[in-house]
Amino acid sequence: MITVASLAPWLGGALALGGVAVAASGRRELIVRWCAWAVGVPLVTGAFWWGEPGTAAVAVVVGVIAVLEFGGLMLLGPVDRAVLAAALAGVVLTTWLAPGEVLRALAVGALTVAAVPLVTGDADQGLRRLGAGLLGLAWLSVLAALVPLGASALALFVAVSVADITAYFAGRRLGGPRLSPLSPAKRWSGTLAGAAAGLGVLAVLSALSWPMAVAVAVGGPAGDLLESMIKRGAQVKDAGHWLPGSGGLLDRIDSLLVALAVLLVLS
């Protein structure tokens with residue numbers, strides 16, 4: 001069984017090795033990004049170590065930040081963002097405190113999100129706001145899966161992150177056919193190399209199973225393309241500009257979101 005205690009040494013070792021490699025490269029943007037990881041990884045690992053209360057707290061905080069970034073991409077107003085954030089937090093807390101009522105919480109959240117443009121009588125932008133709100137709820141509420149999955153979700157995040165980084169560098173070096181018009185910089189060669197690296201990480205962490213493998217190899221790249229589609233529609237490069245070296249939080253968890261959804265379906 002995977003536990004946070006069994007993952008912690010691997011996370012610490014990977015962070016230390018990454019720091020050495022980044023320092024040797026001398027590239028400022030990589031150093032800044034590593035510093036952000038050096039702060040975030042211990043905080044998230046500690047929260048997961050706490051158990052379901054800590055994991056739920058992480059899911060709520062990450063979800064609210066993601067809603068704010070998503071709302072910016074979709075040009076949602078403050079009321080739409082606040083209602084969407086509250087609906088997402090409700091799903092997460094229900095998953096923790098009353099897991100048998102998750103579907104009801106999702107339904108209530110969807111009705112609440114849909115009610116906002118209806119109540120305001122928005123005839124011009126109501127349909128767009130409705131679609132964006134429901135998409136945001138469906139996409140981001142999968143963060144609630146962090147609560148029951150626990151250490152497995154942490155292992156999935158590590159594997160997806162390694163796969164994403166490997167795909168970026170391998171694709172640039174190997175070249176070949178593009179993966180999708182949604183993300184012209186991504187190549188099939190990089191995606192396959194990233195999937196292999198991600199599966200290797202799962203094996204090292206003793207977390208390799210066929211649902212986890214499919215989540216990393218298929219769900220991860222699909223999540224990246226989904227956010228690319230949203231950003232291209234919004235005509236922006238990054239979901240945010242506040243996270244050092246990484247743009248926004250959505251840019252870091254896009255692959256994880258669909259990977260979690262795939263894992264839930266297959267499990």
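What counts, and where the lines are drawn
Residues numbered from 1 in each chain as written. Predicted model: local features only at pLDDT ≥ 70, side-chain atom pairs only at ≥ 80, totals over all residues. Heavy atoms only, no water. Helix = DSSP H or I, 4+ residues; strand = E, 2+ residues; numbered from the N terminus. Rg over C-alpha atoms; globule rule 2.2 N^0.38 Å. Expected span 1.5 Å × (residues − 1). Buried < 20%, exposed > 50% of the residue type's maximum accessible area, 1.4 Å probe, protein only. Contact = heavy atoms within 4.5 Å.

A. Fine view of the overall build of the protein chain. Check the secondary structure of the protein chain and you find 11 helices and 2 strands. Counting from the amino terminus, helix and strand elements in the protein chain follow one another as α-α-α-α-α-α-α-α-β-β-α-α-α. Against the 2.2 N^0.38 benchmark of 18 Å for 267 residues, the protein chain shows a C-alpha radius of gyration of 19 Å, consistent with a compact globule. The dimensions of the protein chain, computed from C-alpha atoms along their principal axes, are 55 × 40 × 35 Å.

B. Region of the structure containing helix α9 (residues 188–204). With 17 residues, α9 should cover 24 Å at 1.5 Å per step; its first-to-last C-alpha distance of 24 Å lies within 8% of that length. Among all positions of α9, only Ser189, Gly190, Thr191, Gly194, Ala195, Gly198, Val201 and Leu202 are buried. Next to the buried residues of α9 lie α8 (151–174), β1 (178–180), β2 (183–187) and α10 (210–234). Within two residues after α9, Ser206 carries a phi angle of roughly 60 degrees, on the positive side.

C. Region of interest: helix α11 (residues 250–266). With 17 residues, α11 should reach 24 Å at 1.5 Å per residue; the first-to-last C-alpha distance of 24 Å fits that figure. Among the 17 residues in α11, 12 count as buried, and that is most of the element. Within the sequence span of α11, burial applies to Leu250, Asp251, Ile253, Asp254, Ser255, Leu256, Leu257, Val258, Ala259, Leu260, Val262 and Leu263. The inward-facing, buried residues of α11 abut α3 (52–73), α6 (126–140), α7 (146–149), α8 and α10.

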